[in-house]
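Coordinates in review
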Amino acid sequence: MTSMLASNPTIREARSFLRRHQSLSILISVGIIAALLPIVATVPPFSGFGNQRDFVGGFADAGVFVLLALGLNVVVGLAGLLDLGYAAFFAIGAYTFAYSASGYTGLDVPFWPMLLVGAFVAAMFGILLGAPTLRLRGDYLAIVTLGFGEIVPVVFLNASAFTNGTNGITGISQPNLYGLFGIHGFGFTNPWLYYFTVFGIIMLTTMILYRLQDSRIGRAWVAIREDELAAASMGINTVTTKLLAFAIGASTSGLAGVFYASKLATVTPDQFGFTVSFTALSMVVLGGMGNIWGVSVGAFVIYEIQSQGLKQLNNLVQTARLPTLHLGPVTIDWATINFLNYQYLLYGLALVLMMLLRPEGLFPSRRRREELHEVDIEPSEIEPSEIGPGALGGEP
Amino acid sequence: MTAGTDVAGTTTSAGDAPAILHAEGVTKRFGGLVAVRNVSFDIPEGSIVSLIGPNGAGKTTFFNVIAGLIDPSEGFISFLGERMVARSVRAWAEPFFWLAPSVVAAVVGIGLGSVGSRVGLDVAVLAAVLLLIVSLLTAIVRPPWYVRLLIRAGVFRSAKPNEVVNRGISRTFQNIRLFQNMTALENVLVGMHSRMRANLIDSAFRLRRHRREETEMREEGRRWLAYVGLEGRDDALARNLPYGDQRRLEIARALASHPRLLLLDEPTAGMNPVETSHMTALFGQIRSELGITILLIEHDMRVVMGVSDRVTVLDHGETIAEGTPEVVRANPLVIEAYLGKGAAS
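Calculation rules
Residues numbered from 1 in each chain as written. Chains lettered and ligands numbered in written order. Predicted model: local features only at pLDDT ≥ 70, side-chain atom pairs only at ≥ 80, totals over all residues. Helix = DSSP H or I, 4+ residues; strand = E, 2+ residues; numbered from the N terminus. Buried ≥ 20, exposed ≤ 12 C-beta atoms within 10 Å, placed from the backbone. Contact = placed C-beta atoms within 7 Å. pLDDT = per-residue confidence, 0-100. Pairing = 2+ DSSP bridges. Axes fitted to C-alpha atoms, helices over the stretch in contact; angles between N-to-C directions. Expected span 1.5 Å × (residues − 1). Parallel < 35°, antiparallel > 145°, perpendicular 65-115°, else oblique. Left-handed = near helix turned anticlockwise from the far one by under 90°. Nonpolar A, V, L, I, M, F, W, Y, C, P; charged D, E, K, R; others polar.

A look at the overall build of chain B
When helices and strands are counted, chain B shows 14 helices and ten strands. Within chain B, the proportion of its 345 residues that are buried is 43%. Across chain B, contacts joining residues at least 24 apart in sequence account for 69% of those joining residues at least 6 apart.

Shown next, in the form of structure tokens:
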């Protein structure tokens, strides 16, 4: 099938064209996906799960997590810095927009420039967090980032004089096109506008991240992940390069935060807890660390399983009328089980199974695959003989 | 001093050329252990200098001091006549550090004066100004004691490894440290990192600087691979290359930064005699064709004796012999260090 396609000169030409124009092919493929998804939602069995409008709204929320996974992929997948407090930047982006466009402060800065501002503010905090963690590696880094991830929502919760505490900030403005295409404010009733907005953001982010990955900076990130000492000895400033990874990752998260705040019109501290960081991280790990497409698909699939899949599983099990199981003292009545409550149990199971069966993720980058499947003995592990055969050369 | 005229100079005593690198009294202690003790030596420009010694003699430690991985406990390295300290700190901070104590003295003087103003303010001010002038003068005359204290405290650290590369020293590692999951070409491109200028914006928007640099550097990277004998292996992952080729790739990666001095840490370890002789030929080529000075750590005496202009022997962290290969080979101390007292007699 593929060979037949490859032998067709037009298709071969088209392929090489797309390979040369990577950014264009990214735009086209993301565009195609964006056009197909709403159509898929109208096809059975998906059409039975809900109407298209609800699906599209769900896709827009999934897009937020795709953005989170894309940003986290830079930090974890490329630069190899384990970040467990990633939701903090999401919160910072969201609150940045909440402050600049809500009744709480009385400001009403338009959504579009605030996307950039939110990304910038989050990037600054990314550097702020990055700076003290630069000397840390592995577990220690993870602990510090975990701490930061906990501190930020707690600050938003407790500094209630400035953040309105648990109630959060409400009445956040919607994006507005000021009459372009006949659209003014996005409102709450039309999920399509949010859907296209988030896909536009994803499109641009993916393109930029692809370009960065395939550049001097991207290579420096991977080099640091591979061998930090060797990277430094090749002239890479590990300090600024790691900070840059933190900043880029955080700014993507900030973008997601601005969009999320605007779509929901509300931000509260409990939206940005550890579960968000953890979800984003498992999306990256399950999708395939280091692979932009992999983590995007991973994020989308996990979000949809979480929001739609489990609900449908409930329906399925309930309609199937499975017999009640009596296992000694335990009675399993299928009709009363709500799988949504077992979301994190299922996550855990999925992660454990994944690590055992396919540690590189569903759609791994080539590097990761090679790294985690070391079938052949590494040549470099052959011990060099300590003193060569002719240790003292000539006659002593 | 007059070595410049004798270009072909296979027989030139390398000691004539000006030193490209100078180590002055380098000592490194790890707790109670003295790994390197008061080592001073010069690497003449355009020469191949070997550093040999039994295992644990401190060769690699000394190497790492030059490469900026380890701060020396005492002494310093200067390269091209310039002392290697972290420039980023030094350039702007040093004047402040020199002036700071004088300013503090003056402020304290004025403070004391105003508290005890019954003594007379002008007397206190006069004393403070005098103190200022004296401390300024001492600061100008010689780096004062507190600067040495600050060095000890780590404020003026030696240049970091990446700064060392920027100044023209690059290295290979004793146990190969390639970026195993990157391709051969990508490894070389990482070696060029310090020479490339494209920043975040250039790369994100594919501006001209990025595009031009990428094509040029990829082209040059392929040439470096060909130079060490790895043509056509651009897209092979480093991990999949045979052992000897990995060693070669490490040298290509080091050369890609356009160094003036190349540090090779046991580059022929674990190689068979044929590979070793190819490698030795490569060193000669690098020196003669590219004009790069080489500092070599090596155990294989055939390599050392065959290619070096000068040999320095370390044992227990101290220099025990120095000179041309012939001189060193005949030195009884060297034989003793390698083979024990019996062999020397």
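Let's talk about the overall build of chain A
Looking only at helices and strands, chain A features 16 helices and four strands. Taking the principal axes of the C-alpha coordinates as reference, chain A spans close to 90 × 65 × 55 Å. Across chain A, every contact between residues at least 6 apart in sequence was considered, and the portion connecting residues at least 24 apart equals 76%.

With respect to the environment of Y347 of chain A
The topology assignment puts Y347 of chain A in helix α15 (residues 343-357). With 61 residues separating them in the primary sequence, Y347 of chain A and L286 of chain A have C-alpha atoms 10.0 Å apart.

A look at unusual backbone geometry
Phi is positive for N164 of chain A, which is not a glycine, with a value near 65°. Within the element layout of this structure, N164 of chain A appears in the loop between α8 (160-163) and β1 (169-170). For E266 of chain B, which is not a glycine, the phi torsion comes out positive at approximately 45°.

A few points about the confidence of the model for chain B
Residue and element names in this part refer to chain B. Summing up the model confidence of chain B, the mean pLDDT is 82 and the portion of residues at 70 or higher is 77%. Under a pLDDT of 50 for its full length, residues 1-15 has, in the predicted model, twelve contacts with residues more than four places off or in other chains. Listed scores for the predicted complex are pTM 0.82 and ipTM 0.83.

Some words on the sheet that holds strand β6 (residues 169-171) of chain B
All names here are of chain B. Taken in spatial order, the six strands make up an open sheet running β6-β7-β8-β3-β9-β10, and their pairing is mixed. Sheet topology places β6 and β10 (318-323) at the edges, where each strand pairs with a single neighbour. Going from strand to strand, the sheet's axes swing by 20° on average, the running direction of each strand aside. Strand direction decides the pairing type here: strand β3 (residues 48-52) and strand β9 (residues 310-315), joined by four bridges, are parallel.

Overview of helix α5 (residues 87-100) of chain A
Helix length check: α5 of chain A (14 residues) gives 20 Å between terminal C-alpha atoms against 20 Å at 1.5 Å per residue, within 8%. Of all 14 residues in α5 of chain A, 14 are buried, a share of seventy percent or more.

Some points on the pairing of β3 of chain B
Residue and element names in this part refer to chain B. Most of β3 is tucked away, with five of its five residues classed as buried. The alternating pattern of β3 places I48, S50 and I52 on one face and V49 and L51 on the opposite face, and all of these are buried. Relative to strand β8 (residues 293-297), β3 runs parallel, the two being bridged by four bridges. Each bridged residue has a counterpart across the sheet, and for V49 the counterpart in β8 is L295.

Topic: the pairing of strand β2 (residues 33-44) of chain B
Residue and element names in this part refer to chain B. Relative to β2, strand β1 (residues 19-30) runs antiparallel, the two sharing eight bridges. In the sheet register, F30 faces β2, and the bridge partner there is L33. The hairpin turn running from β1 into β2, its antiparallel successor, is two residues long, and G31 in that turn takes a positive phi close to 60°.

Topic: the sheet that holds β2 of chain B
Residues and elements named next belong to chain B. Spatially, four strands are ordered β2-β1-β4-β5 in an open sheet, and the strand pairing comes out antiparallel. Each having just a single partner strand, β2 and β5 (82-83) make up the two edges of the open sheet. Here helix α1 (residues 59-67) sits on the sheet in contact with β1, β2 and β4 (74-79), set at roughly 60° to β2.

Focus: the environment of D270 of chain A
Residues and elements named next belong to chain A. Mapped onto the elements, D270 comes out in the loop between β2 (266-267) and α13 (274-287). Classification of D270 as exposed rests on a count of 12 C-beta atoms within 10 Å. For the pair D270 and N167, spaced 103 residues apart in sequence, the C-alpha separation works out to 9.6 Å.

A short note on the confidence of the model for chain A
Of the residues in chain A, 90% have a pLDDT of 70 or more, and the chain-wide mean is 84. Within the model, the stretch residues 375-396 of chain A combines pLDDT values under 50 with 36 contacts to residues more than four positions away or in other chains.

Focus: the environment of D265 of chain B
Residue and element names in this part refer to chain B. Looking at where D265 falls in the secondary structure, it is placed in strand β7 (residues 261-265). Residue class for D265 comes out buried when judged on the 21 C-beta atoms lying within 10 Å of it. Remark: the alpha-carbon pair of D265 and N175, spanning 90 residues in sequence, is separated by 8.5 Å. Setting aside residues no more than four positions away along its own chain, D265 makes contact with T60, F63, R171, T172, F173, Q174 and I297.

Description of helix α10 (residues 216-226) of chain A
Along an α-helix, residues three or four apart share an orientation, since each turn contains 3.6 residues. Within α10 of chain A, eleven of the eleven residues are buried, which leaves the element mostly enclosed by the surrounding structure. Buried within α10 of chain A we find R216, I217, G218, R219, A220, W221, V222, A223, I224, R225 and E226 of chain A. On its buried face, α10 of chain A sits against α4 (52-78), α9 (191-213), α11 (228-233) and α12 (238-264) of chain A together with α6 (184-191) and α7 (200-204) of chain B.

What about the packing of α4 of chain A against helix α14 (residues 292-320) of chain A?
Residues and elements named next belong to chain A. At a minimum axis distance of 8 Å, the contact between α4 and α14 shows a crossing angle of 140°. Here α4 lies oblique to α14, going by the angle between them. Here α4 runs over α14; the crossing is right-handed. Seen from α4, the contacting residues are G58, D61, A62, F65, V66, A69, L70, N73 and G77; seen from α14, they are I292, V295, S296, G298, A299, F300, Y303, E304, S307 and Q308. Along the lines of polarity and charge, the residues of the contact of α4 with α14 split into ten nonpolar, seven polar and two charged.

Describing the packing of α5 of chain A against α12 of chain A
Residue and element names in this part refer to chain A. Two numbers describe how α5 lies on α12: the axes approach to 7 Å, and their chain directions differ by 45°. Regarding the angle of α5 to α12, the classification is oblique. Of the two possible hands of crossing, α5 and α12 adopt the one that is right-handed. On α12, the residues touching F89, F90, A91, I92, G93, A94, T96, F97 and A98 of α5 are A250, S253, G254, L255, A256, G257, V258, Y260, A261 and S262. Class assignment for the residues of the contact of α5 with α12 results in 13 nonpolar, six polar and no charged.

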